[in-house]
Amino acid sequence: MNTPAHLPLPPSLYADTAVAPTPAPPLDADKNVSVAIIGGGFTGLSTALHLAEQGVSAIVLEAQQPGWGASGNNGGQVNPGLKHDPDQIEADFGADLGGRMIAFSYGTTNYTFDLIRRYQIPCEARQNGTLRAAYNEASAAGIENTARQCIRRGMPVRLLNREQMREMTGTDRYLCAMLDNRGGDLQPLSYARGLARAAIAAGAAVHGETPALSLSRDGAGWRIETPRGIVRAEKVLLATNGFTDDLWPGLRRTIVPVFSSIAATAPLSEEVARTIMPTRSVLYESGHITVYYRIDAHNRLLMGGRGPMRWISKPTDVAYLIRYAERLWPSIKGATWTHGWNSRLAITPDHYPHVHEPAENLLISLGCNGRGVALSTAMGGQLARRLIGGKNAAIDMPVTVIKPMPLHAFWPIGVTAAVVAGRVRDRLGI
């Protein structure tokens, strides 16, 4: 499960087109800071930025480079909400905390786009809406129910029928969808690099190629050993998500690290691109196995979904996504598919984000369950508030105890079986 040091970026479209990285050299000396953050994805970088904005000394320790993991290799969709519907969230956590969770999670996209504008981060950000689409009766009923719950709470969403979806997507695949205009897309590796640049400019330190080798108590604070230096910190945030290891006992066994894969075309002709997602909303399907896609700012089609539970390097590794795209839009048959890649994200058993405080001045945040771009960005502000204010600082997510999953060692078999079963159920419409 441990990731070897100094790996190149996955062979993604993003790696070939992102803005240049801000230098994040390896830590080469001992440091004393107020907060040490382990993990240089969106959660860690956003938290460092929010801490630095308030004058708190923070350091990010990243085993590879900022954005190397799922943060810089995801579908680029900026989607609002949580996995569960609003009514379910309130049933699970009560009217007070549940209501705050709903308001927070559905506000994460505006929060993210506002932050991008405030720091002028060049990442091809567009707030053109998110479509949650249904192609069978079972998922259509679920989406209609979700839409009613959101509308009842005054959210700016609307339900689209089959004809409207045909106009929005260029395919007759979908029975209905919920459109949330607060969603959108961006170039995620450029965004991660922009967050790192903003955090450094605000006063945080960001170090790549600096894995945390051990974490131990140091008086009232913490001691983190890295290959070339010791970090002593008053407080620590663990934000390692799909690459969580055994740095903290039992934590690795609280999440399932799942690979999500993407295939991308060369830029499509204007004529073809106009027929696919003409409003440039992003879309994810409501099914047992999610497929998601978008047309990027350069007319490339990016198709994403569950793929092999191993690293991939070319589009033929996820040929099923290409076949599905051709089924949706026959006009793209013969298109050139230039990239295929994946990365590992964290799925939690209850599909909620997990925040833990297993020891004094130690905070953990992981498990965005496929909504990481907006959720982890906004969580940066929440986590910074908690790190500064301690347990008296309320946040809009539950703080729970660590619960390792039984039989966690069998997760690769379980995920593969779930993907196969999910695809069968989606085909059968159950």
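These numbers come from a predicted model, not from an experiment.

Undergrad: In this structure, what is going on with the state of the cysteines? I would like to understand it.
TA: Joining two cysteines, a disulfide is a covalent bond between their sulfur atoms. This structure, assessed with the given rule, holds 0 disulfides. Between Cys368, a cysteine without a disulfide, and Cys123, which holds the nearest cysteine sulfur, the sulfur-to-sulfur distance is 17 Å. Overall, the relative accessible area of 14% leaves Cys368 in the buried class.

Undergrad: Please explain the packing of aromatic side chains as it appears in this structure.
TA: Two descriptors summarise a pair of aromatic rings, namely the distance from one centre to the other and the angle between the planes of the rings. Summed over the entire model, instances satisfying the criterion amount to 9 aromatic pairs. Their ring planes at 75° and their centres at 5.2 Å tell us that Tyr14 and Trp341 sit as a pair that is edge-to-face. Remark: Trp341 occurs in strand S16 (residues 337-347) and Tyr14 occurs in helix H1 (residues 13-17); sequence separation between them is 327 residues. Considered together, Tyr14 and Trp341 belong to a single accessibility category, that of buried residues. Each ring, one from Phe259 and one from Trp311, has its centre 5.1 Å from the other, and the planes form 80°; the classification is edge-to-face. One end of the pair, Phe259, is in strand S12 (residues 256-265); the other, Trp311, is in the loop between strand S15 (301-306) and helix H10 (319-328), with 52 residues separating them in the sequence. Three or more aromatic residues joined by ring pairs make a cluster, and in this case those are Trp68, Phe243, Phe259 and Trp311. Just above the ring of Tyr135 sits the side chain of Arg173; from NZ or CZ to the centre is 4.0 Å.

Undergrad: So what exactly am I meant to see when it comes to the confidence of the model for the protein here?
TA: Interpretation of the predicted coordinates at a detailed level should be avoided for regions scoring low in pLDDT. Taken residue by residue, the protein gives an average pLDDT of 94. The fraction at 70 or more is 93%. Here residues 417-426 is a poorly scored stretch, pLDDT under 50, and it has 15 contacts once near neighbours within four places are set aside; other chains count.

Undergrad: Teacher, can you tell me more about the pattern of salt bridges here?
TA: Note that side chains of opposite charge can pair when their charged atoms are close. Considering all chains together, one arrives at 17 salt bridges under this definition. The partner of Glu90 in a salt bridge is Arg153, and the shortest N-O contact between them spans 3.3 Å. Separated by 63 residues along the polypeptide, Glu90 in helix H3 (residues 86-93) and Arg153 in the loop between helix H6 (137-152) and strand S5 (157-160) bring together distant segments of the chain. Relative accessible area serves as the criterion here: at 29%, Glu90 is assigned to the partly exposed category. With a relative accessible area of 28%, Arg153 lands in the partly exposed category. Where Asp218 meets Arg232, a salt bridge forms, and the shortest distance between an N and an O atom there is 3.4 Å. Remark: Arg232 occurs in strand S11 (residues 229-238) and Asp218 occurs in strand S9 (residues 214-218); sequence separation between them is 14 residues. Taking the relative accessible area as the measure of exposure, Asp218 reaches 32% and is therefore partly exposed. Look at the salt bridges and you will find they share partners, linking Asp87, Glu90, Arg152 and Arg153 into a network.

Undergrad: How should I be thinking about the environment of Arg253 in this particular structure?
TA: Looking at the element boundaries, Arg253 is found in the loop between S11 and S12. By relative accessible area, which is 36% here, Arg253 ends up partly exposed. Along the chain, Arg253 and Thr348 lie 95 residues apart, while their C-alpha atoms are 9.8 Å from each other.

Undergrad: Hey, could you run me through helix H8 (residues 188-202) in this one?
TA: For an α-helix, the turn length of 3.6 residues means that residues three or four places apart are oriented alike. Taking 1.5 Å of rise per residue, the 15 residues of H8 would be expected to cover 21 Å, and the 21 Å separating its terminal C-alpha atoms lies within 8% of that figure. Of all the 15 residues making up H8, 11 are buried; the element is thus mostly covered by neighbouring parts of the structure. For H8, the N-terminal cap is Gln187; the gap from its side-chain oxygen to the backbone nitrogen of Leu189 is 3.0 Å.

Calculation rules
Residues numbered from 1 in each chain as written. Predicted model: local features only at pLDDT ≥ 70, side-chain atom pairs only at ≥ 80, totals over all residues. Heavy atoms only, no water. Disulfide = S-S within 2.5 Å. Buried < 20%, exposed > 50% of the residue type's maximum accessible area, 1.4 Å probe, protein only. Phe/Tyr/Trp six-rings, centres within 6.5 Å; stacked < 30°, edge-to-face > 60°. Helix = DSSP H or I, 4+ residues; strand = E, 2+ residues; numbered from the N terminus. Lys NZ or Arg CZ within 6 Å of the ring centre and 35° of its normal. pLDDT = per-residue confidence, 0-100. Contact = heavy atoms within 4.5 Å. Salt bridge = Lys/Arg side-chain N within 4 Å of Asp/Glu carboxyl O. Expected span 1.5 Å × (residues − 1). Polar contact = N/O pair within 3.5 Å; in protein donor to acceptor, adjacent residues only side chain to side chain.

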